[in-house]
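Structural description and commentary
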Amino acid sequence: MKLFLQAAAGLAAAVLAFSPAVPASKAPAAEPLLVGYYTGWSAYSGYTPDKVPADKLTHLHYAFAEIGADNRIALTDQTQDLKNFEGLRALKKANPALKTLISVGGWDGSARFSDAAATEKSRAVFAESCVDFIVKHGFDGVDLDWEYPVSGGKAGNKERPQDKENLTLLLKTLREKLDEQGERDGRSYLLTMAAGVSGEYLKKIQPQKAAEYTNYIFLMAYDLHGPWDRYADLNAPLYQPSEASPQYKLSVKGGVENWLAAGVAAEKLVLGMPFYGYVYEGASGLYDTYRSAKSVSYDQVKRGYIGKGKQARHPDGKVPYLVGRDFLLSYEDPASAAEKAELAKEQKLAGVGAWALAHDREGELLGSIYAVLKPDDSR
């Protein structure tokens, strides 16, 4: 991880050169990361920062800031965001080990990423504004959630073929500006990014270079299927279903393997999982056609759907689904969340993350993950 300046790294190397080697078997294992996205708008429904289970998180990403017409980072809801930032600072004071990052972009906020990344000048303007922003508001770093470079984002987003290289240059500029500020402050600032897991996504970025400049990459291993598909399907199957399907097949394991095959080290990857599902109205089972579909939080699943249909667990996908009267629901539960966390451990990934904390206000899914990653501390 590029957390320190070159000079600091050189000094560390010099110290190590004159220190006795520590046997690999004795080296302490890195603590697993638990990353959660907190959505600023969730405060309107009562899920304010003080409700966040910070004791079960290592990193919290605040979603979202956006990019203004001047290529600078900008608030999306100034009044509420500033209230939330105050709450986050109080949360950090009560939980000193917690790291907070401002997440820029998202599905609705990525329209100007291509412009911000397009030139040396625009990249510097954006990066410098991010550094000023995190210092002013007390964040520990910046998370880029560009959905998506080159193509595939929301209609109306600026897109360029050059986005592939420009994303790398934007990350490089951010890393340099963060390190310069870190030298002034005597600390290290974090840089992360959220990323897709499909082979097509990986063709539109430079994975190894992205990993070089970031502390970790949050894999959006969800929305593998959804309302954009013709047929009802599983949101985030752990392993690829073996039965015949009328549409493409993807899996969480396959997404992780795509990144590893691209040459990115496992310890750079955080496995993101959904704390929500999709309900398909009009479907009578998996791979059936449907009238309409929408996302539902895990809390909504518990309140409005459990007990209103036949529950099943896919033998390959390792995720639950429910077939009701005129609907099919694909979702996550504590057991499926734990199995995904087990996969992250088996693959020696950096950790696990969640989109989004407000979907699981009682903390059942997060607690299940925590019990897998930190069994000695689970409570």
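Residues numbered from 1 in each chain as written. Predicted model: local features only at pLDDT ≥ 70, side-chain atom pairs only at ≥ 80, totals over all residues. Heavy atoms only, no water.

What follows is about the packing of aromatic side chains. In total, this model carries 18 aromatic pairs according to the counting rule given. Taken together, a centroid distance of 6.0 Å and an interplanar angle of 85° make the contact between Trp228 and Tyr278 edge-to-face. On the criterion of sequence distance, the pair formed by Trp228 in the loop between strand S7 (216-220) and helix H8 (252-261) and Tyr278 in strand S9 (residues 276-281) is long-range, its members being 50 residues apart. Take Tyr278: its relative accessible area is 8%, and that puts it in the buried class. Taken together, the ring pairs connect Tyr38, Tyr47, Tyr62, Phe85, Phe133 and Phe139 into an aromatic cluster. The aromatic ring of Tyr370 is capped on one face by Lys56, whose charged end is 5.4 Å from the ring centroid. (Phe/Tyr/Trp six-rings, centres within 6.5 Å; stacked < 30°, edge-to-face > 60°. Helix = DSSP H or I, 4+ residues; strand = E, 2+ residues; numbered from the N terminus. Buried < 20%, exposed > 50% of the residue type's maximum accessible area, 1.4 Å probe, protein only. Lys NZ or Arg CZ within 6 Å of the ring centre and 35° of its normal.)

A few words now on the side chain of Arg123. With respect to the helices and strands, Arg123 occurs in helix H4 (residues 120-137). Among buried charged residues, Arg123 stands out as having no salt bridge; its nearest opposite-charge side chain is Glu120, 5.6 Å away. Filtering out sequence-adjacent residues up to four positions away, Arg123 remains in contact with Ala116, Ala117, Ala118, Asn166, Leu169, Leu170 and Thr173. (Lys, Arg positive; Asp, Glu negative; His and termini not counted. Salt bridge = Lys/Arg side-chain N within 4 Å of Asp/Glu carboxyl O. Contact = heavy atoms within 4.5 Å.)

Before going further, it helps to spend a moment on the pairing of strand S8 (residues 269-274). Looking along a regular strand, one sees the side chains alternate between the two faces of the sheet. Counted residue by residue, S8 has six buried out of six residues, so it is predominantly covered. A two-sided burial pattern is seen for S8, the buried positions comprising Leu269, Leu271 and Met273 on one face and Val270, Gly272 and Pro274 on the other. Note that S7 and S8 share four bridges and pair parallel. Bridge pairing links Ile217 to Leu269 in S8. The handedness of the S7 to S8 crossover, carried by H8, is right-handed. (Pairing = 2+ DSSP bridges. Right-handed = clockwise from strand over helix to strand, strands pointing away.)

This part is about the pattern of salt bridges. According to the stated counting rule, one finds 20 salt bridges in the structure shown. One salt bridge in this structure joins Lys172 and Glu176, with 2.6 Å as the shortest N-O distance. Placement of both Lys172 and Glu176 in helix H5 (residues 163-185) is noted, with a separation of four residues, approximately one turn of the helix. Owing to a relative accessible area of 31%, Lys172 belongs among the partly exposed residues under this scheme. As a salt-bridge pair, Lys340 and Glu332 come within 3.0 Å of each other at their nearest N and O atoms. Overall, Glu332 belongs to the buried group, its relative accessible area being 3%. When salt bridges with common partners are traced through the structure, they connect Asp299, Lys302, Glu362 and Glu364 into a single cluster.

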